[in-house]
Amino acid sequence: MNLFRKKSIQDLIKEVGQKDVTLKKELGAFDLSMLGIGAIIGTGIFVLTGVAAAEHACLALIISFVLSGLACVFAALCYAEFASTVPVSGSAYTYSYATFGEIIAWILGWDLILEYGLASSAVASGWSGYFQGLLSGFGIHFPKAITSAYDPAHGTFIDVPAIMIVLIITFLLTQGVKKSARFNSIMVIIKLAVVLLFIGVGVWYVKPGNWTPFMPFGFSGVATGAATVFFAYIGFDAVSTAAEEVKNPQKNMPIGIIASLLVCTVLYIVVSAILTGIVPYKLLDVKNPVAFALNYIHQDWVAGFISLGAIAGITTVLLVMIYGQTRLFYAISRDGLLPKVFSKVDKKKQTPVVNSWITCLLVSIFAGLVPLDKLAELVNIGTLFAFMTVSVGILYLRKNKQAPKTGFRVPFVPYIPILAFIFCGYLALQLPSASWKTFAVWLVIGLFVYFGYGRKHSTLNKAPNQIKKVV
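A brief report on the enclosed structure follows.

About the thresholds
Residues numbered from 1 in each chain as written. Predicted model: local features only at pLDDT ≥ 70, side-chain atom pairs only at ≥ 80, totals over all residues. Heavy atoms only, no water. Helix = DSSP H or I, 4+ residues; strand = E, 2+ residues; numbered from the N terminus. Rg over C-alpha atoms; globule rule 2.2 N^0.38 Å. Buried < 20%, exposed > 50% of the residue type's maximum accessible area, 1.4 Å probe, protein only. Contact = heavy atoms within 4.5 Å. Lys, Arg positive; Asp, Glu negative; His and termini not counted. Charge placed at Lys NZ, Arg CZ, Asp CG, Glu CD. Salt bridge = Lys/Arg side-chain N within 4 Å of Asp/Glu carboxyl O. Expected span 1.5 Å × (residues − 1). Patch = residues over 30% accessible without salt bridge, like charges linked within 9 Å, V, L, I, M, F, W, Y side chains within 5 Å. Areas by Shrake-Rupley, 256 points an atom, 1.4 Å probe, with all protein chains shown as cover. Disulfide = S-S within 2.5 Å.

Per the secondary structure count, the chain includes 18 helices and zero strands. Here the chain has a C-alpha radius of gyration of 22 Å; the compact-globule value for 471 residues is 23 Å, and the two agree. By its C-alpha atoms, the chain is 70 × 50 × 40 Å across when sized along the principal axes. For the chain, the residues scored as buried account for 60% of the 471 residues in total. Within the chain, contacts between residues separated by at least 24 positions form 83% of all contacts whose residues are at least 6 apart in sequence. Averaging the positions of the 36 positive and the 21 negative side-chain charges in the chain gives two centres separated by 8 Å.

Moving on, we get to the pattern of salt bridges. As a working rule, side chains carrying opposite charge can pair if their charged atoms are close by. Scanning the entire structure with this criterion turns up six salt bridges. With a closest N to O distance of 3.0 Å, R327 and E245 form a salt bridge. Within this pair, whereas R327 is found in helix α13 (residues 300-334), its partner E245 is found in the loop between α10 (236-239) and α11 (249-278), the two being separated by 82 residues in sequence. In terms of burial, R327 and E245 fall into one category: buried.

Moving on: helix α5 (residues 92-99). An α-helix turns once every 3.6 residues. As a result, residues three or four positions apart point the same way. Counting buried residues along α5, eight of its eight residues qualify, which places the element largely inside the surrounding structure. Those residues of α5 lying buried are A92, Y93, T94, Y95, S96, Y97, A98 and T99. Of the residues trailing α5, G101 is marked for its positive phi of about 110°.

To continue, consider helix α2 (residues 29-40). The end-to-end C-alpha distance of α2 is 16 Å, a good match for the 16 Å that twelve residues give at a rise of 1.5 Å each. Of all twelve residues in α2, eleven are buried; the element is thus mostly enclosed. All buried positions along α2 are accounted for by A29, D31, L32, S33, M34, L35, G36, I37, G38, A39 and I40. Packing partners of the buried residues in α2 comprise α8 (177-202), α10, α11 and α13.

With that settled, the discussion passes to a positive patch on the surface. Side chains of K179, R182, K348 and K349 sit close together on the surface and give a patch of like positive charge. Relative to the elements of secondary structure, K179 occurs in helix α8.

We now examine the state of the cysteines. Tallied over the full model, the rule gives zero disulfides. Considering cysteine sulfurs only, C424 is the nearest to C72, which forms no disulfide, with 6.6 Å between them. C72 sits in the buried class, given a relative accessible area of 0%. C72 supplies the cysteine sulfur nearest to C264, a cysteine that is in no disulfide, at a spacing of 10 Å. The exposure class of C264 is buried, given its relative accessible area of 0%.

Just distances and angles here, no functional claims.
As structure tokens, this is what we get:
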């Protein structure tokens, strides 16, 4: 059996319309940009900024965001070319099928299942914390046993609010992609308004003295901070999973990916500067640093809006992550590497309904039982691995002259893809060794699944005439 058998770009595009029921093309550039911003601005800006500033960087957190942002910009350019060239669901998994072959595509797909699935669980856990904080302001409290992940020592066993929001988001996603995109856009506008409100109020309370020392933990702290806040940028790649539901993907996919990333990078840098200017960095190791900063300057009325905006922001992140997971399952299943139930599309709603509820079940289990910090570390390493592979994929495309002359093309090849690979590789090396070991175990499990099921049921295995060596 040829583990590196490939599907040409032409074959991948042809397959999109071959099923009786296909995904509906309803999204434009604005929808995609809103999906990207919806995915990126959430847990990062409302949660991770405080921890990273307190433990790693102070004002130098700006440099951390710039480093992570550069890694993502370089990777985003590579994603944009692939999304324009191969407008098919599946993101890096599909791109790898066309460039490196089936076994590498499977590894990337299995890796992305880890990224989207655990990111969804991590975000649901963060949403639960903010939601419970909001309710507590009205004197409403859940029984402690159902307020957080399994931790008998602290009296918690399951995070019911996290499971609840996953169920609600899944129901929304099964109603059709346009309705989901419309809801996402409304939530994005709310959270952007809240972020701008924080900037408008907070800028008048900045004390430059709080910015010293600029780099209290040295450059190693900045680098660790960059690896930590990288989680804040995860999401733009999920936009590429929407490719089959986009009108004019060659034009709109690159716009959505790059525009959302640039908007979010600017907002992250500005918020980090104001946050560390308002509050001494040592006090920012809290779960709600933005609201905490406003309480610190006695702007409690704004802090209430911030909590509401955080809930809206985290909700959109969860929506896009679960959406990305369902479309990834759809693409892998259509290729035969996962059971066909994942690629079954509802005739009326034109969405993979059964797939969505299976995803809901899996995400709920992790969100309800696994602690947030463990989830975030695994998401980071999975994402960086995907970014590095996509960067190398662009070099392969150009070397073999596979990419068409039309559509978006990465400038300054090979330098941009190489920089993307180096930046992402450097950030990956900053992650704890435990994350690498767990990631390796996950990949080994994936190989067992592939050789036990995927290789036998692959559509290429059933249709030898489709196996082509891409030149």
